[in-house]
Amino acid sequence: MEETITFESLGLSQEMLKALEKKGYGYPTTIQALAIPHFMQWKDVIAKAPTGTGKTFAFGIPMIEHVDSSLEEVQGLILAPTRELAIQIGDELRGLLTYYQGIRVAVLYGGAGIGGQIKQLERKPQIVVATPGRLMDHYNRKTIRLDKVQTVVLDEADRMLDACFPLPSPRRS
């Protein structure tokens, strides 16, 4: 008989369990049940799953659980290939933070005013979600420090690599 995995059996905090319950999540998806225990043990994880299977929670839940809210430095960094995905990840993380105190998320992406993002960074977020280009802008301006980051997630890493290193199209003869 197969044992049903619950979020509680994954060893999550009461704050996280309450947030998941409020959002209506009873049981982890397959990707969450497989990935969360490894992330919680600070192990490196490479995961691939179809869209809509809960990958954001698979890395977001452990990242939040690992954050020390008493520290005012970036501890978790999530890189996303597009501003739309970065915004979506930020929204999902904020939803999980409902019952936490003092954990802040900043979302950094191009096509938006950098001034508002600098204000977000001045609030000392522990988690930053960013597109690579805008992260480099902030890094070069010295508006973000990354020397205390403990966890890095490359969401849709294949799309970021495609954008940076596009393969030439096959020649037609």
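This structure is a prediction, so every number in the text was calculated from the model and none was measured.

Considerations on the packing of aromatic side chains
Reasoning step 1: Summed over all chains, the structure comprises 1 aromatic pair.
Reasoning step 2: Consider the rings of Tyr25 and Phe57, whose centres lie 5.1 Å apart with planes at 65°: the pair is edge-to-face. One end of the pair, Tyr25, is in the loop between α1 (14-22) and α2 (30-40); the other, Phe57, is in helix α3 (residues 55-66), with 32 residues separating them in the sequence.
Reasoning step 3: Judged by relative accessible area, Tyr25 falls into the partly exposed class, the value being 37%.

Notes on the nonpolar core
Reasoning step 1: Counting 33 residues, the largest nonpolar core has Leu12, Ile61, Ile64, Ile78 and Ile127 as the members making the most contacts within it.
Reasoning step 2: Of all elements in the fold, only α1, α2, α3, α4 (83-96), β2 (105-108) and β3 (127-130) reach the threshold of two or more residues within this core.
Reasoning step 3: Ranked by residues supplied to this core, first place goes to α3 with 6 residues.
Reasoning step 4: Sequence-distant contacts of Ile127, that is, excluding residues within four places in its chain, are made with Met63, Ile64, Val67, Gly76, Ile78, Leu93, Ile103, Arg104, Val105 and Ala106.
Reasoning step 5: The next biggest cluster of nonpolar side chains, apart from the first, holds 11 residues, and it includes Leu77, Leu79, Leu108 and Ile144.

Some thoughts on α2
Reasoning step 1: Of all the residues in α2, the buried ones are Ile31, Gln32, Ala33, Ala35, Ile36 and Phe39.
Reasoning step 2: Where α2 is buried, its residues meet α3.

A few points about the pairing of strand β4 (residues 151-154)
The side chains of a regular strand alternate, residue by residue, between the two faces of the sheet.
Reasoning step 1: Covered by surrounding structure in β4 are Thr151 and Val153 only, the residues Val152 and Leu154 on the alternate face being uncovered.
Reasoning step 2: As paired strands, strand β1 (residues 76-79) and β4 are joined by 4 bridges and run parallel to one another. By the bridge assignment, Gly76 is partnered in β4 with Thr151.

Observations regarding the sheet that holds β3
Reasoning step 1: Taken in spatial order, the 4 strands line up as β2-β3-β1-β4 in an open sheet, and their pairing is parallel. Only two strands of the sheet have a single partner each, and these edge strands are β2 and β4. Across this sheet, the average inter-strand angle for adjacent strands is 15°, counted without regard to direction.
Reasoning step 2: Bridge count for β1 against β3 is 4 bridges, and the pairing is parallel. Bridged to Ile78 within β3 is Val129.
Reasoning step 3: In the packing of α3 onto the sheet, the strands contacted are β1, β3 and β4, and the crossing angle to β1 comes to about 160°.

What counts, and where the lines are drawn
Residues numbered from 1 in each chain as written. Predicted model: local features only at pLDDT ≥ 70, side-chain atom pairs only at ≥ 80, totals over all residues. Heavy atoms only, no water. Phe/Tyr/Trp six-rings, centres within 6.5 Å; stacked < 30°, edge-to-face > 60°. Helix = DSSP H or I, 4+ residues; strand = E, 2+ residues; numbered from the N terminus. Buried < 20%, exposed > 50% of the residue type's maximum accessible area, 1.4 Å probe, protein only. Core = buried A, V, L, I, M, F, W, Y, C linked by side-chain atoms within 4.5 Å. Contact = heavy atoms within 4.5 Å. Pairing = 2+ DSSP bridges. Axes fitted to C-alpha atoms, helices over the stretch in contact; angles between N-to-C directions.

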